[in-house]
Amino acid sequence: MIHLSEESRKGGASQLLIHTLSALVRLHELKHASPMYRTLRDENEIARCELEISPEIMKRYQIMEERYGSAALVPIKNGICTGCYLHQPKSGGIELTNSLYQCHYCGRLLYHLEDLYDESAF
Ligand SMILES: [Zn+2]
């Protein structure tokens, strides 16, 4: 899923995966903030975030974004997708990375809020 060369370049898988989640959440925030207030700096940050995210994840995100817009990336709470409110099977959502999942029912990208908070120290 994640290329080995990419892992070693950034110093370890977990770091890369954590980075992917925060980059994706940030990208999503920036893209769905009111375009009226989007600055050149935001555009640059969007481009930078896109570089952090693996092409495979990016592709899935774009498909979901086309379908769901600002609700393409949502937190998972108590095993429930907060996009469609359906309970995920025991195993959780479909695992894309160790901090990013996909809903079994609606396909939205899911993440645990705790994972995101953990990263703010990073
Ligand atoms: Zn769902």
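Residues numbered from 1 in each chain as written. Predicted model: local features only at pLDDT ≥ 70, side-chain atom pairs only at ≥ 80, totals over all residues.

## A short note on the overall build of the chain
Of the regular secondary structure elements, the chain holds 5 helices and 5 strands. Seen in sequence order, the chain has helices and strands lined up from the N terminus as α-α-α-α-β-β-β-β-β-α. Taking the contacts inside the chain whose residues are at least 6 apart along the sequence as the reference set, 50% of them involve residues at least 24 apart. (Helix = DSSP H or I, 4+ residues; strand = E, 2+ residues; numbered from the N terminus. Contact = placed C-beta atoms within 7 Å.)

## Concerning the confidence of the model for the chain
When pLDDT is averaged along the chain, the result is 85; 81% of the residues meet or exceed 70. Counting contacts from residues 1–13, a segment whose pLDDT is below 50, to residues more than four positions away or on other chains yields 13 contacts. (pLDDT = per-residue confidence, 0-100.)

## Describing the sheet that holds strand β3 (residues 94–97)
Strand order in the open sheet formed by 5 strands is β2-β1-β5-β4-β3, with mixed pairing between adjacent strands. Every other strand in the sheet has two partners, leaving β2 (80–81) and β3 as the edge strands with one partner each. Relative to β2, strand β1 (residues 73–77) runs antiparallel, the two being bridged by 2 bridges. Considered in β2, the bridge of Lys77 is made with Ile80. Strand contacts of helix α4 (residues 55–68): β1, β3, β4 (100–102) and β5 (109–111), with the helix running at about 115 degrees to β5, the strand carrying the most contacts. (Pairing = 2+ DSSP bridges. Axes fitted to C-alpha atoms, helices over the stretch in contact; angles between N-to-C directions.)

## Thoughts on helix α3 (residues 40–52)
Between the first and last C-alpha of α3 there are 19 Å, a value that for 13 residues agrees with the 18 Å anticipated at 1.5 Å per step. Summarising burial for α3: 1 of the 13 residues are buried, a small minority. (Expected span 1.5 Å × (residues − 1). Buried ≥ 20, exposed ≤ 12 C-beta atoms within 10 Å, placed from the backbone.)

## Quick word on the pairing of β3
Pairing geometry for β3 and β4, over 3 bridges, is antiparallel. By the bridge assignment for β4, Ile94 is matched with Gln102. Linkage of β3 to β4, two consecutive antiparallel strands, is achieved through a turn of 2 residues.

## Some words on unusual backbone geometry
Although it is not a glycine, Asn78 adopts a positive phi angle of roughly 50 degrees. For Asn78, the position within the fold is in the loop between β1 and β2.

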